[in-house]
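Here are the chains, one letter per residue:
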Amino acid sequence: MSIKKVSLFVVVFFMSMFTIHNVSASQRFVDVPSSHGAYEEINYLVDLGVIKGYTENGKSYYKPNNYVTRGQAAKMVVESTGHEPLVVSNSSFSDIKIDLYPELSGYVESAVKLGFFTEYSAGKFAPNRPLTRNEMAKTLSKAFNLDVEKYANLTVPFTDISPKDPYYKYIAAIYYNGITKGNETGTKFNPNEPVKRSQFASFIARSAEEKYRLDLPVQGVTVPNEEDAIGTVKSTTDNLNVRSSATSSTSANIIGKVNTGAKLPVFEVEGSWLKVSYNGRYAYISSSYTQFLDQDGQPVGSVKKEVLANASEVIFYKTRDINGKELGSFSNGEKIKVYKTVGNWYLTIQNGIPGYVRISQTKEIEPVEEEPNEEQPPNVDDNQDNELTTNTIGMATVDSLHIRSEASSSSKSLGTINRGTYVEVHSISGNWAKISYNGIDGYTHKTYLRLINQSGSAVAGRIIVLDPGHGGKDPGTSKSGAIEKEIVLKVATKVKQKLEAAGAKVYMTRAGDTYPTLQDRVDFAQNNYAEVFVSIHVNSASSESASGTETYYSISGNENEKEDYRLASAINSQIVNNAGMVDRGVRREDYFVVRNLLLPSVLVELGFVTNASDREKLISSEYVDIFADSIYKGIVQYYKK
């Protein structure tokens, strides 16, 4: 039956003995002045004959602050929806005596048969028990035929009601139909509080008559409007938790899961969390297990070059459309990383979000591979034995690596060498190594050299960045008191100590319980001229049987992917062998920190905090040291010739 077509009939509340009395139209009840918040709704229902008041000492009272009982509410919704009480000879409920309350019994039987109510407990209706707000939501949704499934997956602003609550869809339905807005602040529903007579009058009036409805929630504010999305991501793992809030410290906020390849619109980046649209509502997923896609639904890939913004303000667009959504801008002279060229547009990333800038508003920076001379530089790699006399040597990790006349990508190329070629390293400044090869003295970018000490410690002088995952407001995964951010910080700190004792220069993206963003971690590595980057995490799964160690490098690939694999394999093997972990292998995933670094970069998942055996090791001081020693030995193994 349509809400607008509901016929409202006379309802007389079941109460202890009282007398009906007519009162003036100007102010029917002495306790409901015209300034009362429910004045219009109460009088509207009185005019329709739905409710009446009490007469005491010659005065009429409505008693707006009294609570509505389940029995009274049953009678109201049966009458107001045009139904009749049932005539029964035997009550279905032991707490309603038909000989004492025949009228009440008939209305309750009818309300239950119509599905507006259910029994309170086995064989009992509890007619004198106050109606709670969650019961009210269900009763009105059913009595006025609200399409509750339509609203079941939409977000409501109430922090005290979980999407898993059996009353959630009914509360969402009355919220989105303008029947209630919750408490005074609109942030709580108070589901277990009893409903007052004035409140129930308002709820009935709003259900029956549209003019009394509250302003409805706006599409795109409470309900996701995909036109407002700033991008799209796809899941890079199975069983990725979708949560109602941006925290992994509890499982109570898990509202679903998505598998590898699932695509979700993104509305905000909140630290390591992405605010997404999921089943018609806002939700959150960890950005560590996702990959942003470009406008064409393809992975962003790796950095191809850099250009400079060449206008006072270069607009950063969501799509290749100057009339499209603007995500930000670049200032004149600001460097812009280019991931792809599509027509007249460059695909780039700002604040972790992919988008597009117009090529016409940029100017080129000569990349490392470009040669200012017209002639191609000679390949000086003659594959002959070359005696290397310096203690530190470098092995080229890519083909066609230029030897420059100066420490600049725009300087003259003196020739090129291929992957596997060894050169003498005389000194290092920033990202440039001063080298000699076959009588040629010059410079190469150290990102494309594996620096090797011919004597002494393999890691002496090497610049290594360790990244303990999560931190601060982001605890990572947890189980039975074992918290990821705490475990990985302990391990990383010990790795640092071991590397520094061996002569390495070690930097950590966080040394305490702080929260650097994913971009902060990438920038930190680059700003410290890192030569190796190791991100340390612990794993979790919905199945407690999942266990073991796995190590990742980027799936997008870059010129140093063979070095990524070498480093990942060395670390993974050491942990598996030394800590007795199940070997889940070396894998490729586009986690943000490994995807956005050209230097050898890996992400280590030590073990599963959700597995009892792994968890016991992860929280053990003995095994924390074993994990740290294994990572240290893996890095040393990587640097050995």
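This text goes with the structure placed above it.
This text gives an overview of the structure that appears in the document. (Residues numbered from 1 in each chain as written. Predicted model: local features only at pLDDT ≥ 70, side-chain atom pairs only at ≥ 80, totals over all residues. Heavy atoms only, no water.)

## What to know about the overall build of the chain
The secondary structure content of the chain amounts to 13 helices and 32 strands. On the principal axes, the C-alpha backbone points of the chain span a range of 115 × 60 × 35 Å. Taking all contacts inside the chain whose residues are at least 6 apart in sequence as the whole, residues at least 24 apart take part in 71%. When the accessible surface of the chain is totalled, it reaches about 28,200 Å², and 45% of it is carbon and sulfur. Between the mean site of the 69 positive side-chain charges and the mean site of the 74 negative ones, the chain shows a separation of 6 Å. (Helix = DSSP H or I, 4+ residues; strand = E, 2+ residues; numbered from the N terminus. Contact = heavy atoms within 4.5 Å. Areas by Shrake-Rupley, 256 points an atom, 1.4 Å probe, with all protein chains shown as cover. Lys, Arg positive; Asp, Glu negative; His and termini not counted. Charge placed at Lys NZ, Arg CZ, Asp CG, Glu CD.)

## Focus on empty space enclosed by the protein
Following the criterion strictly, the structure yields four cavities of 30 Å³ or more and no others. Residue lining of the largest cavity: 16 residues in total, with Ser288, His470, Leu518, Arg521 and His537 positioned closest to the centre. Those elements giving two or more residues to the lining of the largest cavity turn out to be helix H9 (518-527), strand S29 (532-539) and helix H11 (592-595). The residue makeup of the lining of the largest cavity, split by class, is seven nonpolar, six polar and three charged. The volume enclosed by the second largest cavity comes to roughly 80 Å³. When contributions to the lining of the second largest cavity are tallied by element, the ones reaching two or more residues are strand S24 (449-453) and helix H13 (621-639). The greatest single-element share of the lining of the second largest cavity, amounting to three residues, is contributed by S24. When grouped by side-chain class, the residues that make up the lining of the second largest cavity number six nonpolar, two polar and three charged. The residue makeup of the lining of the second largest cavity includes at least three contributed by each of domain 4 (392-453) and domain 5 (463-640). (1 Å grid on protein atoms, 1.4 Å probe; cavity = no way out; pocket = protein on both sides within 12 Å on 5 of 7 lines; lining within 4 Å. Points joined across faces, edges and corners; volume = space filled by probe spheres on them. Nonpolar A, V, L, I, M, F, W, Y, C, P; charged D, E, K, R; others polar. Domains from an automatic or database assignment.)

## Describing the sheet that holds strand S13 (residues 335-338)
Across the sheet, which stays open at both edges, the three strands sit in the order S13-S10-S17 with antiparallel pairing between neighbours. The sheet is open, and its two edges are formed by S13 and strand S17 (362-364), each paired on a single side. Averaged over all adjacent pairs, the angle separating strand axes in this sheet is 40 degrees, with direction ignored. (Pairing = 2+ DSSP bridges. Axes fitted to C-alpha atoms, helices over the stretch in contact; angles between N-to-C directions.)

## Here we look at the layout of surface pockets
Each pocket or cavity is described by its volume, and for the second largest pocket that value is around 920 Å³. Taken together, 40 residues line the second largest pocket, and the ones lying closest to its centre are Asn239, Asn241, Ser540, Ala541 and Ser542. Taken together, the elements giving at least two residues each to the lining of the second largest pocket come down to strand S4 (240-243), strand S5 (254-258), strand S26 (478-479), S29, strand S30 (549-553), strand S31 (583-588) and strand S32 (601-608). A per-element tally of the lining of the second largest pocket places S4 first, with three residues. By residue class, the composition of the lining of the second largest pocket is nine nonpolar, 19 polar and 12 charged. Taken domain by domain, the lining of the second largest pocket gets at least three of its residues from each of domain 2 (226-294) and domain 5 (463-640).

## Here's the deal with the packing of aromatic side chains
For the coordinates displayed, the defined rule picks out 15 aromatic pairs. Taking 6.5 Å as the distance between ring centres and 75 degrees as the angle between the ring planes, the aromatic pair formed by Tyr507 and Phe524 counts as edge-to-face. Separated by 17 residues along the polypeptide, Tyr507 in strand S28 (residues 505-508) and Phe524 in helix H9 bring together distant segments of the chain. Among the aromatic residues, those joined into a cluster by ring pairs are Phe158, Tyr175, Tyr176 and Phe189. One residue, Arg133, lies across the ring of Phe189, its end atom 4.6 Å from the ring centre. (Phe/Tyr/Trp six-rings, centres within 6.5 Å; stacked < 30°, edge-to-face > 60°. Lys NZ or Arg CZ within 6 Å of the ring centre and 35° of its normal.)

## Section: H13
Spanning 19 residues, H13 covers 28 Å between terminal C-alpha atoms, matching the ideal 27 Å at 1.5 Å per step. Looking only at H13, the buried set comprises Val624, Ile626, Phe627, Ala628, Ser630, Ile631, Tyr632, Gly634, Ile635, Val636, Tyr638 and Tyr639. (Expected span 1.5 Å × (residues − 1). Buried < 20%, exposed > 50% of the residue type's maximum accessible area, 1.4 Å probe, protein only.)

## Quick word on the sheet that holds S28
Read from one edge of the open sheet, six strands run S28-S25-S29-S32-S30-S31, paired in mixed fashion. Looking at the sheet topology across the chains shown, the edges are occupied by S28 and S31. Going across the sheet, the axis of each strand differs from the next one's by a mean of 20 degrees, ignoring polarity. Two strands pair when backbone bridges link them, and S30 and S32 are joined in this way by three bridges, in the antiparallel orientation. Considered in S32, the bridge of Glu550 is made with Glu605. Of the strands in this sheet, strand S25 (463-468), S28 and S29 touch H9, which is tilted by about 165 degrees from S25.

## Brief notes about the pairing of strand S10 (residues 305-309)
Of the strand pairs in this sheet, S10 and S13 are connected by four bridges, and their pairing is antiparallel. For Leu308, the partnering residue across the bridge sits in S13 and is Lys335. Strand direction decides the pairing type here: S10 and S17, joined by three bridges, are antiparallel. Note that in S17 the partner of Val307 across the bridge is Glu364.

## A look at the environment of Val594
Tracing the chain through its elements places Val594 in helix H11. When the C-alpha positions of Val594 and Pro194 are compared, they lie 54 Å apart, and in sequence the two are 400 residues distant. Excluding residues within four positions of it along the chain, Val594 makes contact with Tyr553, Ser554, Glu589, Ser601, Val602 and Leu603.

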